[in-house]
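Residues per chain are reported as follows:
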Amino acid sequence: MRIGLLTDGGYPYVNGEARLWCDRLVRGLDTYAFDIYAFSCGSRQEDLGWVRLPEHVHRVRTAALWDAPEEWPRPGRRVRRETLEHFAALATTVCAATAPPVPALPAPSAQSQAKAPGGLLGLTALAGIAAASPSPGASPAPAPPPTSPFTEALLGLTALAQDHGPLSGLLRSEAAVRVLEGACRATGAVPAARRARVPDLLLIADLLERALRPLALDWYDEDGLGGVGLCHATTGGIAALPGLLAHHLHGVPLLVTEYGVRLRTLYLDGARHLDEDEATTARTLGAPVRAVLGGFHRALAADVYRAASLITPGNAHARRWQERCGADPAKLRTVYPGMDAERFAGVAGASPNGTHGGESARAGGAAPVRTGGPASVRAPGAGPLGDETAAHAGAADAVEVRIAYVPGEVEPLGGRPRPYEGAGERRAPVLGRAFARADAAPRPAPAPPTDENAPRSGWDLVWVGRIEPAKDLHTLLRAFTTVHEAEPRATLRLVGTAEDDAARAYLDSCRALTAELFPADPAGRPCPVRFDLDLDTRSGGAEPGAESVSDSGAEPDSVSESGPESERESGSAPGTALDLAEVYAGADAVVLSSTVEGFPISLVEAMFCARATVSTDVGAVLEVVGGTGVVVPPREPAALAAACLGLLRDPEHRALLGAAARARALELFTVEQNIAAFRAIYDGLTAAPSALPGPRAETLVPGARTPSRAARDLTTTGRAMEATR
């Protein structure tokens with residue numbers, strides 16, 4: 001069975017986003033033949049070449065959407081007229097303030113797995129998807145639901161591009177700009193689009209033309225995507241567009257994997273636009289450009305979700321975004337990223353001073369059970385947030401760990417909460433959202449150590465990631481001042497990299513704040529805060545799903561827009577994964593202070609190393625740590641400091657949390673579980689529909705629509721094209 005793997009700026013390029021995850025997936029599913037269809041993101045990426053591909057990768061076809069040819073084909077008058085008509089329909093849709101509701105397309109029946117006769121150019125393949133034979137006594141199948149205006153326009157442009165060549169010159173022409181202007185000024189257009197001026201319209205035309213270049217590729221015949229058994233888009237956005245066309249033109253099933261939702265990345269990073277083939281030069285996009293570009297990607301995401309047979313988000317955070325963007329909950333299956341746990345195996349049983357903890361910590365098994373008292377909670381070692389209790393209650397491998405809270409300052413989980421009254425209040429650094437008690441008494445700080453030269457082991461906090469404003473290191477530094485005042489032996493190590501001018505400027509601000517908070521010691525003692533920038537977090541291979549505030553959609557310590565470990569093989573220096581393991585080996589607790597986060601890779605790495613974690617409640621953080629870490633509200637230094645002090649002062653509790661965290665990570669976030677999940681999905685989607693596994697409990701919602709078995713007819717565009725042949 002052939003699988004068409006669709007990537008954008010990723011696999012098989014050496015420095016591609018999600019390269020590591022895709023390579024592991026392809027090598028792990030060696031019973032399938034893979035054809036790779038990849039968009040490159042620049043000439044530098046192409047110059048670096050590809051990774052070594054396994055033998056069952058039979059074909060690699062690439063396209064450069066960043067490169068503009070010097071000359072464009074000149075279509076005839078009729079083609080120009082029809083192109084502008086379809087482009088006007090598309091522009092009107094993406095500029096509209098609200099999209100018209102469109103029912104989901106019916107799922108292909110067993111008979112539709114056979115490819116339809118007819119050619120691509122006239123869209124006759126759409127007519128070849130036959131309806132399933134109704135059972136005796138069944139009511140007649142309802143009429144096929146209409147496609148969206150966006151899909152109609154997209155298919156119309158595809159037919160013209162396949163018949164007459166690329167339409168890029170026409171889509172950049174003055175006539176196209178006038179069409180865009182009319183759509184932006186039309187009644188019902190989003191208010192921001194109405195303010196578009198000529199420079200905005202020119203930039204919009206340029207960006208839309210680039211996004212529509214895949215329509216003219218020669219990938220959609222029977223020898224290409226039209227002949228594969230399954231299209232697997234490794235991310236949303238433009239990467240999924242060829243799979244969407246193959247689905248509409250040939251009935252090929254479409255699988256969409258999003259470890260981070262591309263549309264969310266566009267919203268987060270909508271103010272920056274990278275010039276052609278430039279990794280660091282950015283132009284600011286105005287509100288009109290962001291509005292129209294967002295409308296295009298919103299409409300594209302909705303159509304991709306409707307056409308997909310299955311959608312696999314990397315966490316519940318991404319799943320909620322997909323549902324808000326129109327994904328049918330019945331199509332969603334959460335597949336957690338897969339990470340290499342072996343390189344951290346030597347760290348899991350070692351404490352920072354080189355000694356080993358209990359046997360359970362070394363083996364990565366269940367931690368010793370701590371019972372009694374109101375401050376205990378049963379923490380299952382598996383299951384996504386929301387169905388842990390139901391699906392795993394009473395599991396044999398569940399561990400019982402104590403909630404991390406500061407005695408006398410916070411209410412244990414399950415206690416009676418009260419409204420939070422302000423930043424000056426000591427908010428509870430506990431799992432979930434507990435609140436400070438009204439009668440909380442401050443806990444007296446222990447006396448400082450008498451020996452200032454005593455080893456610091458047992459008091460070391462570590463942060464790992466990309467240095468950028470979304471990581472909110474200012475809050476971490478302010479919180480650490482409280483920690484250091486209470487425990488002068490405590491140290492903070494910041495490990496990461498600053499990859500562009502904005503990140504380097506933020507790094508400078510962090511250093512300036514450190515100098516202000518920790519002035520030079522008259523006795524010559526070193527600063528307790530250490531910036532370690534020797535580790536390059538770009539070992540090549542951003543994981544899918546990285547939630548990024550960069551244009552790539554992936555960040556080294558968070559998988560949200562694009563999968564498992566991110567660009568840095570989740571944070572190690574190039575070719576030196578042991579360096580990162582040594583960083584975690586020297587940590588007594590790992591801290592994450594982000595205000596924006598996707599799938600927090602640094603936390604998973606710490607969990608593999610059996611290290612206790614303190615993190616902010618953003619993105620998929622709470623889902624990842626489960627009951628094995630301390631979660632506090634973002635932007636609250638007092639809560640972050642209290643949580644760190646609670647762990648540093650309680651080594652036994654820290655060891656219990658670390659052992660439970662490792663057990664959870666080994667069950668949920670390994671490469672093996674990721675490959676096994678996709679093997680089952682591939683087997684289901686390439687077999688009869690009855691072989692598909694039933695929906696998970698998290699996807700069962702009241703009133704879920706049963707896919708119709710009716711045949712899909714030609715779209716309005718298709719019928720019009722057939723009438724002209």
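Visitor: Mind showing me how you'd approach the overall build of the chain here?
Guide: From N to C terminus, the chain includes 24 helices and 18 strands. In the chain, which comprises 725 residues, the proportion classed as buried is 58%. Entry remark: accessible area of the chain is about 28300 Å², with carbon and sulfur atoms responsible for 54%.

Visitor: Explanation requested: the pairing of strand 4 (residues 230–233) in the structure shown.
Guide: Each regular strand carries side chains that alternate between the two faces of the sheet. Alternating residues of strand 4 divide into Leu 230 and His 232 and Cys 231 and Ala 233, and every residue in both groups is buried. Bridge count for strand 1 (residues 2–8) against strand 4 is 4 bridges, and the pairing is parallel. Of the residues in strand 4, the one forming a bridge with Leu 6 is Ala 233. For strand 4 and strand 5 (residues 254–258), the ladder comprises 3 bridges, and the chain directions are parallel. Each bridged residue has a counterpart across the sheet, and for His 232 the counterpart in strand 5 is Leu 255. Each parallel crossover has a hand, and the one from strand 4 via helix 9 (residues 241–250) to strand 5 is right-handed.

Visitor: I'm lost on the pattern of salt bridges in this one. Help?
Guide: In a structure, side chains of opposite charge can pair up when their charged atoms sit close to one another. Counted under the stated rule, the structure contains 21 salt bridges. Residue Arg 525 pairs with Asp 521 through a salt bridge whose shortest N-O separation is 3.1 Å. Among the salt bridges present, the one from Arg 530 reaches Asp 532, with a minimum N-O distance of 3.5 Å. A relative accessible area of 47% places Arg 530 in the partly exposed class. Judged by its relative accessible area of 6%, Asp 532 falls in the buried class. Several salt bridges converge on common partners, so that one network encompasses Arg 172, Asp 206, Glu 209, Arg 210 and Arg 213.

Rules of the game
Residue indices follow the written sequence of each chain, beginning from 1 at its first position. For this predicted model, a pLDDT threshold of at least 70 governs which residues receive local features, and a threshold of 80 or more governs which side-chain atom pairs are given and counted, while totals over whole chains, interfaces and linings are taken from all residues. Calculation of side-chain values draws on the structure's entire complement of heavy atoms; hydrogens and water are dropped beforehand. The way it works is that DSSP assigns letters per residue, a run of H or I at least four long becomes a helix, a run of E at least two long becomes a strand, and they are numbered from the N terminus. Partly exposed describes any residue whose relative accessible area lies between the buried limit of under 20% and the exposed limit of over 50%, with all areas from a 1.4 Å probe on protein chains only and scaled to the type maximum. All accessible areas in this document rest on Shrake-Rupley with a 1.4 Å probe, and a residue is counted as covered only by the protein chains that are shown. DSSP bridges decide pairing: two strands pair if at least two such bridges lie between them. Handedness rule for crossovers: strands pointing away from the viewer, path from the first strand over the helix to the second running clockwise, crossover right-handed. Salt bridges are counted wherever a side-chain nitrogen of Lys or Arg sits within 4 Å of a carboxyl oxygen of Asp or Glu.

Shape is all these values report; function is a separate question.
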